[in-house]
Amino acid sequence: MQRIIFCDFDGTITKSDNIISIMQHFDPPGWEPIKDQILSREISIREGVGKMFATLPSSLKDEIIQYVVETAEIREGFGDFVSYTRKENVPLNIVSGGIDFFVKPMLKPYDLENQLYCNGSDFSGNTIQITWPHTCDDQCSNDCGCCKPSIIRELADGNAQKIVIGDSVTDLEAAKLADLVFVCGDYLEEKCRELNLPYKRFTHFDEVVNYLEQSKEVVRR
């Protein structure tokens, strides 16, 4: 059985959520009520993220990139995890509700651009506009923005063992399609427990590698 991995970026590859960190640091007027509406599911992720970035002037692009690159921390063991997936020929897809202009610089050392699915950006206007190259398919009505379950359906056939790695609300629908979920956040762990989804808690990517190595013979049978 072929394994295929779908790994979140914000709060999973990085230790914190970069969108929230950007908003807290630059503190544009009106962003916090939008964040609360997303978390309460009053508005969709796509609508909320678009509205939050529209509160930021396009002129801040370089400053935002610099801020994320300087402050965001990559979770321990991620480089070895990427190397392991390549050695074992396990497809690794980075599926992120983050935005290309700050996700790509963070992932550049790992040569993952061709394995990245995230939202786009447009700086041609006065404020930052988010674009949506990976919207929901006809089986999803959640208005996700970057629709992780749609990407899973597109890339994984019925015989694959689907592994989802994530932490929060944007990973929940993907987790429902997974054969195994690695969680590093309380929200996703609570939901996996509540919905009886198969999951394992991790802190460092070395733990993910160890489990994949120990269980690979079982998958091959």
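Relevant structure appears above.
Please read all numbers here as calculations on a predicted model, not as lab measurements.

Description of the overall build of the chain
Inference 1: Helices and strands together make up the secondary structure of the chain, namely ten helices and seven strands.
Inference 2: Taken over the C-alpha trace, the chain has a radius of gyration of 17 Å; the compact-globule value for 221 residues is 17 Å, and the two agree within 12%.
Inference 3: Principal axes of the C-alpha set define a box for the chain whose edges measure 55 × 35 × 30 Å.
Inference 4: Within the chain, the proportion of its 221 residues that are buried is 50%.
Inference 5: In the chain, the proportion of contacts linking residues at least 24 apart, taken out of those at least 6 apart, comes to 59%.
Inference 6: Surface exposure of the chain reaches about 10700 Å², of which carbon and sulfur atoms provide 44%.
Inference 7: Averaging the locations of the 23 positively and 36 negatively charged side chains of the chain gives two centres separated by 6 Å.

Some details on the nonpolar core
Inference 1: If you look at the biggest cluster of nonpolar residues, it comprises 50 residues, and the most contacted ones within it are Phe53, Phe81 and Ile165.
Inference 2: Here the element with the most residues in this core is helix α6 (residues 100-107); it accounts for five residues.
Inference 3: Not counting the four nearest positions on each side in its chain, Phe81 is found in contact with Ile5, Leu92, Ile165, Phe205, Val208, Val209 and Leu212.
Inference 4: If you look at the next biggest cluster of nonpolar residues, it comprises 19 residues, including Val164, Leu172, Val181 and Cys192.

Topic: the pairing of strand β2 (residues 92-99)
Inference 1: By the criterion of burial, β2 is predominantly enclosed, with seven of the eight residues buried.
Inference 2: Pairing geometry for strand β1 (residues 3-7) and β2, over three bridges, is parallel. Looking at β2, one finds that Ile5 is bridged to Leu92.
Inference 3: Pairing between β2 and strand β3 (residues 116-122): three bridges, direction parallel.

So, the sheet that holds strand β4 (residues 129-131)
Sheets are built from strands that pair by backbone hydrogen bonding, the pairs being arranged parallel or antiparallel.
Inference 1: With respect to topology, seven strands assemble into an open sheet ordered β4-β3-β2-β1-β5-β6-β7, the strand pairing being mixed. Each end of this open sheet is capped by a strand with a single partner; those strands are β4 and β7 (199-201). The average undirected angle you get between the axes of adjacent strands in this sheet is 20°.
Inference 2: Pairing analysis gives five bridges linking β1 to strand β5 (residues 161-166), with the strands arranged parallel. By the bridge assignment, Cys7 is partnered in β5 with Ile165.
Inference 3: Sheet contacts for α6: β2 and β3; angle to β2, the most-contacted strand, approximately 140°.

Observations concerning the environment of Val181
Inference 1: One can find Val181 in strand β6 (residues 180-183).
Inference 2: Once the C-alpha coordinates of Val181 and Ile163 are considered, the two residues, 18 residues apart in sequence, prove to be 5.8 Å apart.
Inference 3: Contact partners of Val181, with chain neighbours within four places excluded, come to Val164, Ala175, Leu188, Cys192, Pro198, Tyr199 and Lys200.

Considerations on the environment of Gln115
Inference 1: With respect to the helices, strands and loops of the structure, Gln115 is situated in the loop between α6 and β3.
Inference 2: C-alpha separation for the pair Gln115 and Ile94, spaced 21 residues apart in sequence, amounts to 6.0 Å.

Some details on the pattern of salt bridges
Inference 1: What the rule picks out here adds up to 16 salt bridges.
Inference 2: It is possible to trace a salt-bridge network through shared partners that takes in Asp186, Glu189, Arg193 and Arg201.

Thoughts on unusual backbone geometry
Inference 1: With a phi angle near 65°, Arg41 is a residue other than glycine that sits in the positive phi range.
Inference 2: Turning to its location among the elements, Arg41 is positioned in the loop between α2 (31-39) and α3 (45-53).
Inference 3: Although it is not a glycine, Asp111 sits at a positive phi angle of roughly 55°.
Inference 4: Considering the arrangement of structural elements, one finds Asp111 in the loop between α6 and β3.

Rules and cut-offs
Residues numbered from 1 in each chain as written. Predicted model: local features only at pLDDT ≥ 70, side-chain atom pairs only at ≥ 80, totals over all residues. Heavy atoms only, no water. Helix = DSSP H or I, 4+ residues; strand = E, 2+ residues; numbered from the N terminus. Rg over C-alpha atoms; globule rule 2.2 N^0.38 Å. Buried < 20%, exposed > 50% of the residue type's maximum accessible area, 1.4 Å probe, protein only. Contact = heavy atoms within 4.5 Å. Areas by Shrake-Rupley, 256 points an atom, 1.4 Å probe, with all protein chains shown as cover. Lys, Arg positive; Asp, Glu negative; His and termini not counted. Charge placed at Lys NZ, Arg CZ, Asp CG, Glu CD. Core = buried A, V, L, I, M, F, W, Y, C linked by side-chain atoms within 4.5 Å. Pairing = 2+ DSSP bridges. Axes fitted to C-alpha atoms, helices over the stretch in contact; angles between N-to-C directions. Salt bridge = Lys/Arg side-chain N within 4 Å of Asp/Glu carboxyl O.

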